[in-house]
Amino acid sequence: MNSSRWQIDFVQQSPGLLTIVMAGQWCAADNLPSPELLIEKIRNLPDLKKITFDTEKISHWDSGLLVFIVMLNKIGQKKSFDVNLNGLSKNMRSLLTLANAVPERKHAPPAPTPSLLVSVGHSTKQFYFEFEKMMVFIGAITFSLSHFFRGKVKFLWRDLFYFIQDCSVTSLPIVLIISFLMGLILAFIGAIQLQAFGAGIYVANLVAIGMTREMSPLMIAIIMTGRTGASYAAQLGSMQVNEEIDALQTTVISPIDFLVLPRIIALVLMIPLLCLYGDFVGILGGMIISKAFLHISAAAYIHQTTTAISLIDVAVGVVKSILFGLLVAIAGCYQGLNCGRSSDAVGRATTKAVVTGILYVIVADAIFEIILNILKI
């Protein structure tokens, strides 16, 4: 058995004794031979009782040779062969002795499961640290915004325009599809229920109010969380891995001012426009269902829509969208800046940005609805 790097030959000095002559380079990366195949090749020798080694011609070796010999020794013991290690060099025997000094641990007890109290304590401690870091991050954003409103801009305007384009024009197709389908769904559900009472015209009310006050800002916020928030986390996380953020801090440039602020401003400015766009597309989808299933004319549908909603309904959706955009941008940027130093950490930061962003949006929407209900708006 030979390779371009290693060679192995067999010399049978007596009927019961076999010497394995090894030469060349025996390293783990050299595709060493399998001990099982070696045993299969020599086991048919007559009256084989003992195996020895000749390693004088080995030029280079590492742990791959030792693993090969250890496995050969274990297989030989099962096959009733006596594997003699005296032919190995002194260094090889020393390392094999060291490797066999501590026997393999069998039936190790499983790691103790922490008690409920310990788990709650660890979770509480982790939540406290995360909350503290988030508050510091929000404080840094507030301080950075004060610089912006005072005219002390510390970012590149071309970056702001790029982020505005990224979260507006390039987002229109997915917003169009989702908002149109949401309008269709609302109108279809309303048509089934209201038609039974002869009140099909009120499908326009359902779609208009539902889209402007709730569905459009909420769905667009979720879309932007999965699209833009995850993108922010991945971008900043990659910069963290490549130590670009450390380079900015070394040159006394605040990452919050230079990286986070333009992303937040772009999303907060553009998401209300996307919300209005989603309102229009959703109402258009409802009109198509009303025309197809309820035979309501476009003029009647538009008149009923303008009667059903007011500027307050539209304003509620716009204000919601601004708040949601701020939360989505904060979640994405926070996870990106607090990312680890590996590609796996970037993936986890992106996932956490989406999960936390959606969580923030849903919680904020619930609080917003409670406040509106109290104010009777």
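For clarity, every value in this text was computed on a predicted model and none was experimentally measured.

## Regarding the packing of aromatic side chains
Inspection of the entire model under this criterion finds 11 aromatic pairs. Where phenylalanine 148 meets phenylalanine 149, the ring centres are 5.5 Å apart and the plane angle is 65°; that geometry is what we call edge-to-face. Phenylalanine 148 gets classed as partly exposed once you look at its relative accessible area, which sits at 21%. Residue class for phenylalanine 149 comes out exposed when judged on its relative accessible area of 68%. Feature note: the residues Phe148, Phe149, Phe155, Trp157 and Phe161 constitute an aromatic cluster, connected by ring pairs.

## Re the domain arrangement of the protein
Interface size is commonly expressed as the accessible surface area that is lost when the partners come together. Here the domain parsing of the protein yields domain 1 (7-101) and domain 2 (128-375). A C-alpha centroid distance of 67 Å is found between domain 1 and domain 2.

## Here's the deal with the packing of helix 2 (residues 63-78) against helix 3 (residues 90-99)
Running from N to C, helix 2 and helix 3 cross one another at 65°; their axes reach a closest spacing of 11 Å. As judged from the angle between their axes, helix 2 and helix 3 are roughly perpendicular. Where helix 2 crosses over helix 3, the two elements pack in a sense that is right-handed. Of helix 3, the residues touching helix 2 (which contributes Leu65, Leu66, Ile69 and Val70) are Met92, Leu95 and Leu96. In the contact of helix 2 with helix 3, the residues fall into 7 nonpolar, no polar and no charged.

Conventions used here
- Residues numbered from 1 in each chain as written.
- Predicted model: local features only at pLDDT ≥ 70, side-chain atom pairs only at ≥ 80, totals over all residues.
- Heavy atoms only, no water.
- Phe/Tyr/Trp six-rings, centres within 6.5 Å; stacked < 30°, edge-to-face > 60°.
- Buried < 20%, exposed > 50% of the residue type's maximum accessible area, 1.4 Å probe, protein only.
- Domains from an automatic or database assignment.
- Axes fitted to C-alpha atoms, helices over the stretch in contact; angles between N-to-C directions.
- Helix = DSSP H or I, 4+ residues; strand = E, 2+ residues; numbered from the N terminus.
- Parallel < 35°, antiparallel > 145°, perpendicular 65-115°, else oblique.
- Left-handed = near helix turned anticlockwise from the far one by under 90°.
- Contact = heavy atoms within 4.5 Å.
- Nonpolar A, V, L, I, M, F, W, Y, C, P; charged D, E, K, R; others polar.

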